[in-house]
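# Secondary and tertiary structure notes
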Amino acid sequence: MIKLNVNGRAATVDADPDTPLLWVLREHLGLTGTKYGCGIAACGACTVHVDGGAVRSCSFPVGEAKDRKITTIEGLSHNRSHPVQKAWIAEQVPQCGYCQSGMIMAVAALLAEKPRPTDADIDAAITNICRCGTYQRIRKAIHVAAGFSQ
Amino acid sequence: MSKDKSVPAIRQLCVGMAVSIVIATGAVVSVQNAAAQNRLEEGREEFRQMATVLQHPRCMNCHVRADFPRQGDDRRRHSMNVTRGPADRGAPGLHCSTCHQSSNQAASGVPGAPDWHLAPLRMAWDGLSAGELCRALLDPARGGMKPNQFIPHFQTGLVRWAFSPGAGPHGEMRNAPAVPYERFMALTREWVERGAPCPDQ
């Protein structure tokens, strides 16, 4: 049994320590906002926060999550009030939306570290893939979110 | 009379002994020099074998003279625009630890080891011969390590990872250096004990 702290709540799961955190979040805890994309930590659809930092949960063993604070898209805010969520709505960023929870979590982690990112900072940090190609709206929304955060 | 006759004989004996001592000392020094030279040459050969590990892609891909890591045996640029970042641990918001954890991940094929990060630019090894690499390691401005610090560094999880690099996302095993870890450590100990001599080339 592995004890976790997910979105501020304690949870205990019966899983092999090598199980990717993504599987535990979706299958054990029913937190399906985090998506499976590539399964090789490349696309970023499965991004969550561990102790505030962005992590690709398809490549993060649940055994390493013990005693650490996990935040998923469901726990980013209780009422969509996080600056990134507000900017995403303001700029109508998503198209199909599949990648967007991972995208939002990646951007939230970036802004926590770099509150006023340049375009170069965004290029270096936000490598998530959006197959609808919403990249220009994403970039604009990141700058908008940075303004909301000030 | 007899006393007078003995003086040249004693003098001759002393001169003979002195010459013998000089010759013997010279021979000893010569043998010592030859032994020291052998010792240095053995040390240089040990480093040449160590260099086959240090110059392997598992080490070189992160001891890179670029603002990004490399990957694979072909040393291609790391996928997904991954960059070095200000502290050699990736860009703000996309650190090495976003994808690389403390062990190899079987499910994703992403490699991992404790404290996964790039070597600083001053420790870049691209394009160095074995001799140049050796001198770089010992140069305080580049490697910055004294000979007795190599053993603890080579015992870290990140260095040990190179010898157990795991499988990639399609199940293919990554190549490890041809020299096994225990042999590499023995070579390092012997090289350090011989004074850490560097090959010319």
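Chains are numbered independently. Their residues run from 1 in the order of the written sequence. Here the convention is simple: chains get letters from A, ligands get numbers from 1, in the order in which they are written. Given that the model is predicted, a residue must reach a pLDDT of at least 70 before its local features are reported, and side-chain atom pairs must reach 80 or more before they are shown or counted; all residues, however, enter totals for whole chains, interfaces and linings. Hydrogens are left out, water is left out, and the side-chain values use all remaining heavy atoms of the structure.

### Overview of unusual backbone geometry
- Even without being glycine, A:Asp67 reaches a positive phi, approximately 65°.
- Look at B:Ala196: it is not a glycine, yet its phi comes out positive at around 55°.
- Numbering of helices and strands runs from the N terminus, with a helix taken as a DSSP run of H or I at least four residues long and a strand as a DSSP run of E at least two residues long. Mapped onto the secondary structure, B:Ala196 falls in the segment after helix H6 (181–193).
- When its relative accessible area of 6% is taken as the criterion, B:Ala196 is described as buried. For every residue, the accessible area obtained with a 1.4 Å probe (protein chains only) is divided by the maximum for its type, and the residue is called buried under 20%, exposed over 50%, and partly exposed between those limits.

### Considering the pairing of strand E4 (residues 53–56) of chain A
Residues and elements named next belong to chain A.
- Each pair of strands is called paired provided DSSP finds at least two bridges between the two strands. Here four bridges tie strand E3 (residues 47–50) to E4, and the two strands are oriented antiparallel to one another. Each bridged residue has a counterpart across the sheet, and for Thr 47 the counterpart in E4 is Arg 56.
- Between E3 and E4, which pair antiparallel and follow one another directly, the connecting turn spans two residues, one of which, Asp 51, has a positive phi of 50°.

### Description of a nonpolar patch on the surface
- Residues form patches when they are more than 30% accessible in relative terms and have no salt bridge. Like charges link within 9 Å. Nonpolar side chains (Val, Leu, Ile, Met, Phe, Trp, Tyr) link within 5 Å. Computed with the Shrake-Rupley method and a 1.4 Å probe, the accessible areas treat only the protein chains shown as cover for residues. By salt bridge we mean one thing: a side-chain nitrogen of Lys or Arg within 4 Å of a carboxyl oxygen of Asp or Glu. On the surface, A:Trp23, A:Tyr36 and A:Tyr98 cluster together to form a nonpolar patch covering roughly 320 Å² of accessible area.
- In this structure, A:Tyr36 sits in the loop between helix H1 (21–28) and E3.

### A word on the confidence of the model for chain B
- As a per-residue quantity, pLDDT reports the predictor's confidence and falls between 0 and 100. The predicted model of chain B has a mean per-residue pLDDT of 91, with 90% of residues at 70 or higher.
- Across the predicted assembly, pTM comes out at 0.88 and ipTM at 0.95.

### Focus on the sheet that holds E4(A)
All names here are of chain A.
- If you trace the five strands from one edge of the open sheet to the other, you get E2-E1-E5-E3-E4, paired in mixed fashion. Two strands in the sheet have a free side with no partner beyond their single neighbour: strand E2 (9–13) and E4. Across the sheet, the mean angle from the axis of one strand to that of its neighbour is 40°, orientation sign disregarded.
- Contacts: residue pairs with any heavy atoms within 4.5 Å of one another. Here an axis means a line fitted to C-alpha atoms, over the contact stretch when the element is a helix, while the angle between two N-to-C directions is reported on a 0 to 180 degree scale. Against the sheet, H1 makes contact with strand E1 (2–6), E2, E3 and strand E5 (69–71), and its axis sits at roughly 100° relative to E3, the strand it touches most.

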